[in-house]
Amino acid sequence: GLGKLSTRCPDLFSSDVYLLSLLLSMLEQEDRELIADLKEGLFLMTEAYKAVLGTEEEQMLEELLLKYINKSDSSACCVALRFSNILHPTSPSPLPVLCVDT
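These notes cover the structure that comes with them. Bear in mind that the values here come from a model prediction, so they are computed numbers and not experimental data.

## What to know about the packing of aromatic side chains
- Going through the model one piece at a time under the given rule, you end up with one aromatic pair.
- Sitting over the face of the ring of Phe 43, Arg 82 holds its NZ or CZ atom 4.0 Å from the ring centroid.

Encoded structure:
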């Protein structure tokens, strides 16, 4: 639901990383069935968060993703890595480089 909404109304999502933070934290607490739905929604949301690239919010987004990349929980870490790589597929941003190192 949220993933599809983010494709139709990306401004609702790109203006704040709180929702992304909330969904990533839920990956650490929920059961496997809900985790699959969360992952699907998060990957759909990447397009909305591409709007923050090159803005002040980009640093907050990168810090949030790095927080979860550095966590030992495999679900949140894997999602944060994939989210980062979708946002920065070939850019010289430091985030994908850090993803490779982790």
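## Describing the packing of helix α3 (residues 18-27) against helix α4 (residues 32-49)
- Direction vectors running N to C along α3 and α4 enclose 155 degrees, while the axes themselves pass 10 Å from each other. Accordingly, the angle class assigned to the pair α3 and α4 is roughly antiparallel. The hand of the α3/α4 crossing is left-handed. Two secondary-structure elements touch here, α3 through Leu 19, Leu 20, Leu 23, Leu 24, Met 26 and Leu 27 and α4 through Ile 35, Leu 38, Lys 39, Leu 42, Met 45 and Tyr 49.
- Here the residues of the contact of α3 with α4 are counted per class, giving eleven nonpolar, no polar and one charged.

## A word on helix α5 (residues 57-69)
- With 13 residues, α5 should reach 18 Å at 1.5 Å per residue; the first-to-last C-alpha distance of 18 Å fits that figure.
- Buried within α5 we find Glu 58, Leu 61, Glu 62, Leu 64, Leu 65, Tyr 68 and Ile 69. Seen along its axis, α5 keeps its buried residues to an arc of 160 degrees; they face one direction.

## Structural notes on the nonpolar core
- Counting 24 residues, the largest nonpolar core has Leu 20, Leu 24, Leu 27, Leu 42, Tyr 49 and Leu 61 as the members making the most contacts within it.
- Of all elements in the fold, only α3, α4, α5 and α6 (74-87) reach the threshold of two or more residues within this core.

## Describing α4
- Helix length check: α4, at 18 residues, gives a terminal C-alpha distance of 25 Å against a target of 26 Å (1.5 Å per residue), a fit within 8%.
- Regarding α4, the residues found buried are Ile 35, Leu 38, Gly 41, Leu 42, Phe 43, Met 45, Thr 46, Ala 48 and Tyr 49.

## Examining the packing of α3 against α5
- Two elements in contact, α3 and α5, have axes whose closest approach is 11 Å; the angle formed by their N-to-C orientations is 5 degrees. Relative to α5, the element α3 lies roughly parallel. For the pair formed by α3 and α5, the contact residues are Leu 20, Ser 21, Leu 24 and Ser 25 on the first element and Leu 61, Leu 64, Leu 65 and Tyr 68 on the second.
- For the contact of α3 with α5, the per-class residue count stands at six nonpolar, two polar and no charged.

Definitions and cut-offs
Residues numbered from 1 in each chain as written. Predicted model: local features only at pLDDT ≥ 70, side-chain atom pairs only at ≥ 80, totals over all residues. Heavy atoms only, no water. Phe/Tyr/Trp six-rings, centres within 6.5 Å; stacked < 30°, edge-to-face > 60°. Lys NZ or Arg CZ within 6 Å of the ring centre and 35° of its normal. Axes fitted to C-alpha atoms, helices over the stretch in contact; angles between N-to-C directions. Helix = DSSP H or I, 4+ residues; strand = E, 2+ residues; numbered from the N terminus. Parallel < 35°, antiparallel > 145°, perpendicular 65-115°, else oblique. Left-handed = near helix turned anticlockwise from the far one by under 90°. Contact = heavy atoms within 4.5 Å. Nonpolar A, V, L, I, M, F, W, Y, C, P; charged D, E, K, R; others polar. Expected span 1.5 Å × (residues − 1). Buried < 20%, exposed > 50% of the residue type's maximum accessible area, 1.4 Å probe, protein only. Arc of directions from axis to C-beta. Core = buried A, V, L, I, M, F, W, Y, C linked by side-chain atoms within 4.5 Å.

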